[in-house]
Amino acid sequence: MPDPDLVSRALARNLKRLRAERGHTLDALAARSGVSRGMIVQIEQGRTNPSVATVVRLGDALGVSIATLLDYEEGPDVRIIPGDQAVPLWTGVSGGTGTLLHGIEAPGPLELWEWRMEPGEEYSSEPHPAGTVEIVRVDEGELTLVHDGAGHPVPAGSTVSFDAAYAHVYRNAGDRVLRLTMVVSVPPPR
């Protein structure tokens, strides 16, 4: 697992650089993202560890993936991410995890995630920008996907895709571990 301070410094550096490249003031990025100006200042100064939802909102507002915001290395065209350098971004109350395995811009953000959820855990996601699609492969257990208020059971071995511009919840309502692999595709900024 990468050093949390390294990831925090990378987020601070990348957020500040991307905001400047796009010509956004702190107030403009705050308005676009729904993240307060004060929180953006704290992130850019490396003085806080923001939630996944905050990083997602900032990435969406800038038109980049979470992986781009957290990228702490500049690398060649072929980039191998060792397993111990994947970035866990969500931890459930019973020990489940949501880990960003890799992400690229192609032409919009494209992210690959691995999730493990213990029985009773859930993750609620705010709506993503219009045109965002998620694909989820259930590797073990059963996912209850709540999409726009409706529940959908997705058993092991199944794959589901959906419009992520609606609020959605990943829930493990079962009595055993849930493991899933997820791809998030966000359209490029207009």
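Residues numbered from 1 in each chain as written. Predicted model: local features only at pLDDT ≥ 70, side-chain atom pairs only at ≥ 80, totals over all residues. Heavy atoms only, no water.

As annotated in an unreviewed UniProt entry, the protein is Helix-turn-helix domain-containing protein from Streptomyces sp. Y1.

Caption draft 1: Layout of the packing of helix α1 (residues 4–21) against helix α4 (residues 52–62). Packing of α1 against α4 leaves a shortest axis separation of 11 Å and a crossing angle of 30°. Regarding the angle of α1 to α4, the classification is roughly parallel. In terms of crossing hand, the pair formed by α1 and α4 is left-handed. Contact residues: α1 offers L11, L15, L18 and R19, while α4 offers V55, L58 and L62. (Axes fitted to C-alpha atoms, helices over the stretch in contact; angles between N-to-C directions. Helix = DSSP H or I, 4+ residues; strand = E, 2+ residues; numbered from the N terminus. Parallel < 35°, antiparallel > 145°, perpendicular 65-115°, else oblique. Left-handed = near helix turned anticlockwise from the far one by under 90°. Contact = heavy atoms within 4.5 Å.)

Caption draft 2: Seen up close, the environment of L18. One can find L18 in helix α1. For the pair formed by L18 and R179, sequence separation is 161 residues and the distance between their alpha carbons is 33 Å. Those residues in contact with L18 that lie beyond four places of it in its chain are L62, V64, T68 and L69.

Caption draft 3: Representation of the UniProt feature "domain: HTH cro/C1-type" (unreviewed entry) in the protein within the structure. Per the UniProt record, "domain: HTH cro/C1-type" (unreviewed entry) is found at residues 15–69. Taken end to end, residues 15–69 is 69% helix and 0% strand, and its two terminal C-alpha atoms sit 6 Å from one another. (UniProt positions renumbered as here; feature names shortened; annotations may be inferred.)

Caption draft 4: Quick peek at unusual backbone geometry. Phi at D148 takes a positive value of approximately 50°, unusual for a residue other than glycine. Checked against the element boundaries, D148 lands in the loop between β6 (142–147) and β7 (150–155). D148 sits in the exposed class, given a relative accessible area of 53%. (Buried < 20%, exposed > 50% of the residue type's maximum accessible area, 1.4 Å probe, protein only.)

Caption draft 5: Summary view of the nonpolar core. Ranked by internal contacts, the top residues of the largest apolar core, which has 44 residues, are L69, L143 and Y170. The contacts of Y170, once residues within four sequence positions are left out, are M117, E121, E122, Y123, E134, V136, L143, T144, L145, F162 and M182. (Core = buried A, V, L, I, M, F, W, Y, C linked by side-chain atoms within 4.5 Å.)

Caption draft 6: Main features of the sheet that holds strand β4 (residues 122–125). One open sheet holds the four strands; their spatial order is β4-β9-β6-β7, and the pairing between them is antiparallel. On the outer flanks of this sheet lie β4 and β7, each paired with one strand and no other. Looking at each pair of strands side by side, their axes are set apart by 15° on average, direction ignored. Sheet topology note: the β6/β7 ladder contains six bridges and is antiparallel. Bridge pairing in β7 links T144 to P153. (Pairing = 2+ DSSP bridges.)

Caption draft 7: Local environment of the environment of L15. Position of L15 among the secondary structure elements: in helix α1. Sequence separation between L15 and V160 is 145 residues, and the spatial gap between their C-alpha atoms is 32 Å. L15 has contacts with L29, I40, I43, E44, L58, L62 and L69, leaving out every residue within four places of it along the chain.

Caption draft 8: Representation of the packing of α1 against helix α3 (residues 37–44) within the structure. Axis separation between α1 and α3 bottoms out at 7 Å; the angle between their running directions is 120°. Between α1 and α3, the interaxial angle falls into the category oblique. In contact with L11, A12, L15, K16 and R19 of α1, α3 contributes I40, I43 and E44. In terms of residue class, the contact of α1 with α3 is made up of five nonpolar, no polar and three charged. (Nonpolar A, V, L, I, M, F, W, Y, C, P; charged D, E, K, R; others polar.)

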